Amino acid sequence: MSDSSLGRVSFIVLRHMRAPIIALICVYAIAMLGMVLVPGISDENGQTMYMSFFHAFYFLAYTATTTGFGELPIEFSNAQRMWAIVCLYTSVITWLYAVGKIISLLKNPHLQSVLEEESFVRSVRKKSNDYYLVCGFGDTGSLLLRGLTDAGLSAVVLDSDAERIKALDLRDYQTKVLGLCADATIPRLLLDAGVEEKRCVGVLILTHSEEANLKIAVSVRLLRPDIKIICRSTSPENEGEILAVGGDVHVVDPFRVFASYLSMMIYNPTIQTLNEWLSGAPDATLEQNICPLKGGKWVLCGYGSMGSIVYQRLKEKGIDVTVVEERVENIQEITHNAVLGRINLETLKRAGLKGSVGLIVGTNSDTFNLNTIHLANQVNSSAFKIVRQNQHANEVLFKKAGVDFILQPSLVIARMVLFMLTAPLLRPFFRRLRLLYDNDPAKLADIMTRLVTNIGGSRPTVKTYHVNQSMPAVLNFLDEKTVVTLGDIYRDVSERESFLQMVPLAHQRGEVFKEMPENDLQLRQGDEILFCIKPGQKNLFDANINNIHTLGYLLTGKEPIKSSFFRWAMR
Amino acid sequence: MNAEKIVFSFFIVLALTLNFGFFMGELDDLSHHNIYELFATIVVNLIAVGLKLGDRTQVGAVLLSTSLVANMQLIAAALVWGYVTQILGTDLTPDNTSVIVSLSGGALIANVISVVMLVSETLMSRR
């Protein structure tokens, strides 16, 4: 028998059933033999009749299983009755023993987990579409999974918490998501989850343990040298080690992402608005413009692992920040900018909240954060309040708290990872935007106006398109040496001179990256284009790039001849 | 020497000897073939299957399959016997007897293979 789990399951079952089976065989054999040998009543000729083996087995079949069926061809003699009593008790007890053994075996948690693992492995092997392996199904994992499945991607989840995996079964995802309660640091379980399968296109490591994340990253890299790895890490040392595994590996640090979000919000709210809008936050629109909050003082509550990064970021941007922190060892280096003590009315006042433009509450306790907001409202109700929400379950409370901006690290990470997967050009796009437009609000405003007029609304579709087999029509014309420009592929079929409600955000050819590419850019095979599309327009665009006739019309303005007869006749 | 080995080999060898005992004699002469011996052969063979269950080795797998073959043949023989005497209600004719005995002969071969494997495995192991 093989080493597969199936072999293991049957092995366990058979091993445990050996004793009951042999006991049953023995009891049946003795009982039947006795039944056959014990003399029965005499027939009309005065000859003692004996039971046949067939009848003995028949008799046992209904007594031993306690069916209690009373049909017999010939009446029993007293000797037979006596032996029947012996048979009945021994065989029934043996049956109970065997059945009890089976039930206790089925209830054995070890066997159950083996069975679960087995069925999980089988379904993973049967998966027909590409999938991501998600290790860790916490807040971030579940938000990410929602995004992935909405984008039509499939996933396999490993989490060591059985409750979380049960919760996974109850979610109504659009694609089937398989889950197994397992410790992903064990390489065998990674193999079970199909990390070596060709259909596994990426591994997302999002557990809360730094050590586990590192171990999973290393094991995955050894098992699959070419696969994409995205790993969560909050410590710089670990980050270095994870990056050292090499290949296509990315590290996301929730604290750093959070800090850069914050600094962007304060320093350049337009980019932040754009970011929120592109990432499809439920009620983010482009029109909501938070006024720049650059000038003035800020108060930062909590100077832990996240608070310190936020502080550094804000200082880099030249923003004046005062820290309130209760542990003295945390703020030794920044004593001139910090107020020591538990957060209460008095410390908030001492930190100068009254004269500040804003307040950032970023401790790792939601209760504490909410309480601080409550206190702050008493001191300075007009200050701009940004609060960190740690647990997704507390959403209702935060919405009621009357804060200006809620940042959820798990949500931020989930969105970021999602875009790394569905729109890989988005990150360089934002990096470029920050670089180029930080000091040029006019240019940025142009982009914003273009997005508002062309797309508007909320929740746009953001997608990276590759000029390859996924654009068969474009490829066809490129092969014929026809010039296809970027503008051509997103013209409106019903009105050729105008364009579909979408905006190309970025274009990449090899190493060359161009944000907001011009419409007369000539496409070449292998180009990547990041489009921002108004919901509902995607189908029209897909027709443009898939249908040769549609694209032919868009390129020339003439209805292409479809039949070969007319093509010949028009020559 | 351990108890498990003794019990295991005992039943495998007993399965063969009983089977042989039943098979011995004229092929179509019922008086040479005793029904109790067939019964005992079936029981011992079933026990042998039970003992062989759950062995993950290659040898274990082959041993199990030989026992399964032997049982299949013997139970088929018992079914023929039961069909003729209980359902048709007649005594066994030489024709029926030869079918039953030849089926048990097939089981005998399977049991011989089983014992040969048992012996050779014991000789191979240097413990």
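Rules of the game
Residues numbered from 1 in each chain as written. Chains lettered and ligands numbered in written order. Predicted model: local features only at pLDDT ≥ 70, side-chain atom pairs only at ≥ 80, totals over all residues. Heavy atoms only, no water. Helix = DSSP H or I, 4+ residues; strand = E, 2+ residues; numbered from the N terminus. Buried < 20%, exposed > 50% of the residue type's maximum accessible area, 1.4 Å probe, protein only. Contact = heavy atoms within 4.5 Å. Buried area = accessible area lost by both parts, 1.4 Å probe. Salt bridge = Lys/Arg side-chain N within 4 Å of Asp/Glu carboxyl O. Axes fitted to C-alpha atoms, helices over the stretch in contact; angles between N-to-C directions. Parallel < 35°, antiparallel > 145°, perpendicular 65-115°, else oblique. Left-handed = near helix turned anticlockwise from the far one by under 90°. Pairing = 2+ DSSP bridges. Nonpolar A, V, L, I, M, F, W, Y, C, P; charged D, E, K, R; others polar. Core = buried A, V, L, I, M, F, W, Y, C linked by side-chain atoms within 4.5 Å. Domains from an automatic or database assignment. Phe/Tyr/Trp six-rings, centres within 6.5 Å; stacked < 30°, edge-to-face > 60°. Patch = residues over 30% accessible without salt bridge, like charges linked within 9 Å, V, L, I, M, F, W, Y side chains within 5 Å. Areas by Shrake-Rupley, 256 points an atom, 1.4 Å probe, with all protein chains shown as cover. Expected span 1.5 Å × (residues − 1). Disulfide = S-S within 2.5 Å.

A. Broad picture of the overall build of chain B. Across its full length, chain B holds 4 helices and 0 strands. The order of α-helices and β-strands along chain B, N terminus first, is α-α-α-α. Here chain B holds 127 residues, and the buried ones make up 40% of them. Relative to all contacts within chain B whose residues are 6 or more apart in sequence, the contacts with residues 24 or more apart total 67%.

B. Inspection of the interface of chain B and chain A at higher detail. Listed per partner, the contact involves 14 residues of chain B and 23 residues of chain A. Interface area for chain B against chain A, summed over the two sides, is near 1800 Å², with a carbon-plus-sulfur share of 72%. In this assembly, chain B and chain A are joined by 0 salt bridges. Ranked by the residues each element gives to the side of chain B that touches chain A, the list is headed by helix α2 (residues 35-52) of chain B, at 8 residues.

C. Fine view of the packing of helix α5 (residues 139-150) of chain A against helix α16 (residues 409-422) of chain A. All names here are of chain A. Contact pair α5 / α16: the axes reach a minimum separation of 8 Å and the direction vectors enclose 40°. The orientation of α5 relative to α16 falls into the category oblique. In this structure, the crossing between α5 and α16 has a hand that is right-handed. Facing α5, whose interface residues are Asp139, Thr140, Leu143, Leu144, Gly147 and Leu148, α16 presents Ser410, Leu411, Ile413, Ala414, Val417, Leu418 and Leu421.

D. Up close: the sheet that holds strand β13 (residues 461-466) of chain A. Residue and element names in this part refer to chain A. Spatially, the 4 strands line up as an open sheet ordered β13-β18-β16-β17, and their pairing is antiparallel. Each edge of the sheet is formed by a strand with only one pairing partner; in this case those strands are β13 and β17 (512-515). Averaged over neighbouring strand pairs, the angle between their axes works out to 20° when direction is ignored. Pairing of strand β16 (residues 502-509) with β17, which is carried by 4 bridges, proceeds in the antiparallel orientation. Across the sheet, Ala506 pairs through a bridge with Glu515, a residue of β17. Sitting on the sheet, helix α18 (residues 441-454) touches β16 and β18 (528-533), and the angle it makes with β16 is about 125°.

E. Examining the packing of α2(B) against helix α3 (residues 58-88) of chain B more closely. Residues and elements named next belong to chain B. Their axes nearest at 9 Å, the elements α2 and α3 cross at an angle of 150°. Taken as axis vectors, α2 and α3 run roughly antiparallel relative to one another. Crossing of α2 against α3: the hand is left-handed. Here Ile35, Leu38, Thr41, Ile42, Asn45, Leu46, Ala48, Val49 and Lys52 of α2 come into contact with α3, specifically with Leu63, Leu64, Thr66, Ser67, Leu68, Ala70, Asn71, Leu74, Ile75, Ala78 and Trp81. Taken together, the residues of the contact of α2 with α3 sort by class into 14 nonpolar, 5 polar and 1 charged.

F. Geometry of unusual backbone geometry. At Lys481(A), a position not held by glycine, the phi torsion is positive, near 65°. Along the chain, Lys481(A) turns up in the loop between α19 (472-479) and α20 (486-489).

G. The nonpolar core, seen in detail. Within the largest apolar cluster, 51 residues are counted, with the highest numbers of intra-cluster contacts made by Leu145(A), Leu204(A), Val310(A), Ile360(A) and Ile386(A). A domain-level breakdown of this core finds at least three residues from each of domain 2 (127-252) and domain 3 (255-428) of chain A. Apart from residues no more than four positions distant in its own chain, Ile360(A) is found in contact with Leu262(A), Ile266(A), Trp298(A), Val299(A), Leu300(A), Cys301(A), Val310(A), Leu314(A) and Ile386(A). Among the nonpolar cores identified, the runner-up in size contains 36 residues, and Ala29(A), Ile12(B), Leu18(B) and Leu108(B) belong to it.

H. Region of the structure containing the packing of aromatic side chains. Tallied over the entire structure, the rule returns 15 aromatic pairs over all chains. Aromatic ring contacts, followed pair by pair, group Tyr465(A), Tyr490(A), Phe499(A), Phe531(A) and Phe541(A) into a single cluster.

I. Structural view of a nonpolar patch on the surface. A surface patch of nonpolar side chains, about 420 Å² in accessible area, is lined by Ile85(A), Leu88(A), Tyr89(A) and Ile93(A). The residue Tyr89(A) is located in helix α3 (residues 78-107) in this model.

J. Fine view of α16(A). The terminal C-alpha atoms of α16(A), which comprises 14 residues, lie 20 Å apart, in line with the 20 Å expected from a rise of 1.5 Å per residue. Counting buried positions along α16(A) gives 13 out of 14 residues, so the element sits mostly inside the fold.

K. Structural context of the state of the cysteines. According to the stated counting rule, one finds 0 disulfides over all chains in the structure shown. Left without a disulfide partner, Cys200(A) is nearest to the cysteine sulfur of Cys135(A), which lies 9.0 Å away.

L. Molecular detail of the pairing of β17(A). Only one face of β17(A) is covered, namely the one carrying Phe513(A) and Glu515(A); the face carrying Val512(A) and Lys514(A) has none of its residues buried. Between the end of β16(A) and the start of β17(A), which pair antiparallel, lie 2 residues, with Gly510(A) showing a positive phi angle near 60°.

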